[in-house]
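Each chain, written out:
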Amino acid sequence: MKREILYSLPLCVALSIIGCGGGGGGDGSSATTYSGSQVQATITTDNSEQLARSATEGATEATAPLPATGGGGGAEALSAFPVGIQTTTSYELAENIIIDNLPQALEYLSNSSLPSAYQETLDCTFGGTILVTADDSIANSADQTYPENGTVTMNFRDCREDSTSTFNGTATINFTGGGGLTAVYQNFTIAFTDPTTGEQVVETIENMTIVCDGNDPCSIQSDFVGTDGRTYRIEDMTVLGSDSFGWDVSATVYDPDLGSIIIDTTAPFMLDCPTGVPSSGALSITGANFSVATVTYTSCTEFQVCFEDVCNTATW
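Residues numbered from 1 in each chain as written. Predicted model: local features only at pLDDT ≥ 70, side-chain atom pairs only at ≥ 80, totals over all residues. Heavy atoms only, no water.

Trainee: When you look at unusual backbone geometry in this model, what are you seeing that I'm missing?
Mentor: Trans peptide bonds make up most of the peptide bonds, and negative phi angles are found at most residues other than glycine. Positive phi values are uncommon outside glycine, yet N289 reaches one of about 60°. You can see N289 is positioned in the loop between β12 (280-286) and β13 (292-297). Here the phi dihedral of E308 falls at roughly 50°; this positive angle occurs in a residue that is not glycine. Within the fold, E308 resides in the loop between β14 (302-307) and β15 (310-315). Looking at E308, the relative accessible area reads 58%, which means it is exposed. (Helix = DSSP H or I, 4+ residues; strand = E, 2+ residues; numbered from the N terminus. Buried < 20%, exposed > 50% of the residue type's maximum accessible area, 1.4 Å probe, protein only.)

Now the structure itself:
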């Protein structure tokens, strides 16, 4: 997720993404896509520091702050829709904007008086619109309690569902039957006022997929460019905490060169350094053959990595 602080621009500004990295990147016209190693990483003394850096990229990505949604309805409005939206991740607002508006979008499409009306425009609560487009398996259907198949795209155009947040970009929703769906966001921007600092912020979800099978919770996979310019993937996220009390994160993180690792917080970490790295806290990193390394954040400039009883201090 790309995050920019704005001090004078309006909230509806949408930032373009320019990314590149060891695992494949994005540019202004295409979404960031991870194309790096898919194998489980083998932790060694030589690569433990790099994996600690990758673990930190994933942990800080997962905790990128977003405000609570102000949209109406929420998951409880979806009596026939998936209830498995995980609301403790940093992608909460992007998930909820779909949950809040999809039932109305399907209703509009099914009630259209035009036999070939596969597009409808929804007005957002505080301004802006959503252009909804459906294929013929969904449009003009008599029963839209929950589609068993078909595709809907939702194009958000300066859409404001509360007084502080603005959405731009397109989400594509594919219905997979049995209460399931897959939603894909690419270069999707959310502009909002940070509830803690009052700053105007734009965050861009570069390439995220949410998969819901009717169970709780849904799974999230997100590709993003890290602070080092490399492209990472994060999935299976669980995030709890706040900037005030510290963060607990578990997730699978993919290093583009070394492969996947599982990260788990062993001590809540604080994100109060100017560079965005943790100032305190600790993570465990699990790789192939159940090998485990630990990273302890000791200050805004240093961290310690331990593997097989050997510990080394590194700097950011």
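Trainee: What should I look at first to understand the nonpolar core in this one?
Mentor: When a protein is soluble and globular, its nonpolar side chains tend to lie buried together. Of all hydrophobic cores here, the largest spans 63 residues; its most connected members are I98, L102, V152, F156 and Y185. The biggest single contributor to this core is helix α2 (residues 92-110), with eight residues. (Core = buried A, V, L, I, M, F, W, Y, C linked by side-chain atoms within 4.5 Å.)

Trainee: What is the right way to read the pairing of β14 from this model?
Mentor: Within a regular strand, side chains alternate between the sheet's two faces. Alignment of β13 against β14, held across five bridges, turns out to be antiparallel. In the strand pairing of β14, A293 is matched with F307. In sequence, β13 turns back onto β14 through a hairpin of four residues. Two strands pair when backbone bridges link them, and β14 and β15 are joined in this way by six bridges, in the antiparallel orientation. Across the sheet, the residue bridging to V305 is N312, located in β15. (Pairing = 2+ DSSP bridges.)

Trainee: Any chance you could explain the state of the cysteines here in plain terms?
Mentor: Covalent bonding between the sulfur atoms of two cysteines is what defines a disulfide. Across all of its chains, the model carries three disulfides by this definition. Each sulfur of the disulfide joining C273 and C300 lies 2.1 Å from the other. Since a negative S-S torsion denotes a left-handed disulfide, the C273-C300 link at about -90° is left-handed. Remark: C300 occurs in the loop between β13 and β14 and C273 occurs in the loop between β11 (259-270) and β12; sequence separation between them is 27 residues. Bridging C306 to C311, the disulfide has an S-S length of 2.0 Å. With the S-S dihedral at roughly 110°, the linkage between C306 and C311 falls on the right-handed side. We classify C306 as buried; its relative accessible area is 16%. (Disulfide = S-S within 2.5 Å.)

Trainee: Explain the packing of aromatic side chains here, please?
Mentor: Where two aromatic rings form a pair, the distance of their centres and the angle of their planes describe that pair. Per the counting criterion, the structure on display carries nine aromatic pairs. Between F156 and F167, the aromatic rings sit 6.3 Å apart at their centres with planes inclined by 45°, giving tilted as the arrangement. Residue F156 is located in strand β4 (residues 150-159), and its partner F167 is located in strand β5 (residues 166-177); the two are separated by 11 residues in the primary sequence. Looking at F167, the relative accessible area reads 1%, which means it is buried. Here Y297 and W316 contribute two aromatic rings whose centre-to-centre distance is 6.3 Å and whose plane-to-plane angle is 20°, an arrangement assigned as stacked. Of the two residues, Y297 sits in strand β13 while W316 sits in the segment after β15, which places them 19 residues apart along the sequence. On the basis of relative accessible area, Y297 is assigned to the buried category, the value being 4%. Note on W316: relative accessible area 33%, which makes it partly exposed. (Phe/Tyr/Trp six-rings, centres within 6.5 Å; stacked < 30°, edge-to-face > 60°.)

Geometry only, nothing functional implied.
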